[in-house]
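Structural overview for review
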Amino acid sequence: MSQENVEIVRDAVVAFNRGDLDAWLDEYWTDDIDYRAVEGALDDHGPIHGKGAMRAYLQDWIDMFDDFKTEPVELVYAGADQVIAVLRNSGRAKLSGVETDLTFAVLNTIRDGKIVRGREYWTKEQALEAAGLSE
């Protein structure tokens, strides 16, 4: 199951970049998704519950940048039903024209072939610690 879960997370990132949020949410996320941006980050509005809230969260990012994309830097099997995705977001801010390049980690929990929970962390090490692992 470990390789399958890693592939689910990888495929979800690839699908996100195709730009159809509704199809992406339907295919890769459970209806009861429980997600959280990095606590205390500018985009942290507290817990995100359900596909509608998840879509709104990501749509804000997409609307803020031209050529917004997410790339998987590293995918780490974190045991049982968990996968850590080290991701790189990039794009050009629509208002300022400033290029962004943000790398962070997400601890994903998989249930029945879909992501049911996600927690963002500033670093891979923080995500590993949250998963009960250390490098």
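Everything below is about the structure printed above this text.
Residues numbered from 1 in each chain as written. Predicted model: local features only at pLDDT ≥ 70, side-chain atom pairs only at ≥ 80, totals over all residues. Heavy atoms only, no water.

**Observations concerning the environment of asparagine 17**
The condition is simple: We count a stretch as a helix when DSSP gives it H or I for four or more residues in a row; a strand needs E for two or more, and each element gets its number in order from the N terminus. A 1.4 Å probe rolled over the protein chains alone gives each residue an accessible area, and that area as a share of the maximum for its type sets the label: buried under 20%, exposed over 50%, partly exposed in between. Throughout, a contact is declared for two residues whenever any of their heavy atoms are within 4.5 Å.
Position of asparagine 17 relative to the elements: it lies in helix H1 (residues 2-18). A relative accessible area of 37% places asparagine 17 in the partly exposed class. In the structure, asparagine 17 is positioned 13 residues away from threonine 30 in sequence and 19 Å away in space, judged by C-alpha atoms. Every residue in contact with asparagine 17, bar those within four places of it in the chain, is listed here: Lys69 and Thr70.

**Brief notes about the layout of surface pockets**
Spelled out, the test is: Detection works on a 1 Å grid of protein atoms alone, calling trapped sets that fit a 1.4 Å probe cavities and calling open sets with protein on both sides within 12 Å along at least five of seven lines pockets, with lining residues defined by an atom within 4 Å of a point. Grid points are joined across faces, edges and corners, and a volume is the space filled by probe spheres set on the points. As a working rule, the residues Ala, Val, Leu, Ile, Met, Phe, Trp, Tyr, Cys and Pro are called nonpolar, Asp, Glu, Lys and Arg charged, and the rest polar, with Gly in that last group.
The calculated volume of the largest pocket comes to roughly 570 Å³. Taken together, 30 residues line the largest pocket, and the ones lying closest to its centre are Tyr57, Trp61, Asn89, Phe104 and Glu120. When contributions to the lining of the largest pocket are tallied by element, the ones reaching two or more residues are H1, strand S1 (29-36), helix H3 (51-64), strand S3 (65-77), strand S4 (82-93), strand S5 (99-111) and strand S6 (114-121). A total of six residues in the lining of the largest pocket trace back to one element, the largest contributor, which is H3. Looking at the lining of the largest pocket, its residues break down into 23 nonpolar, four polar and three charged.

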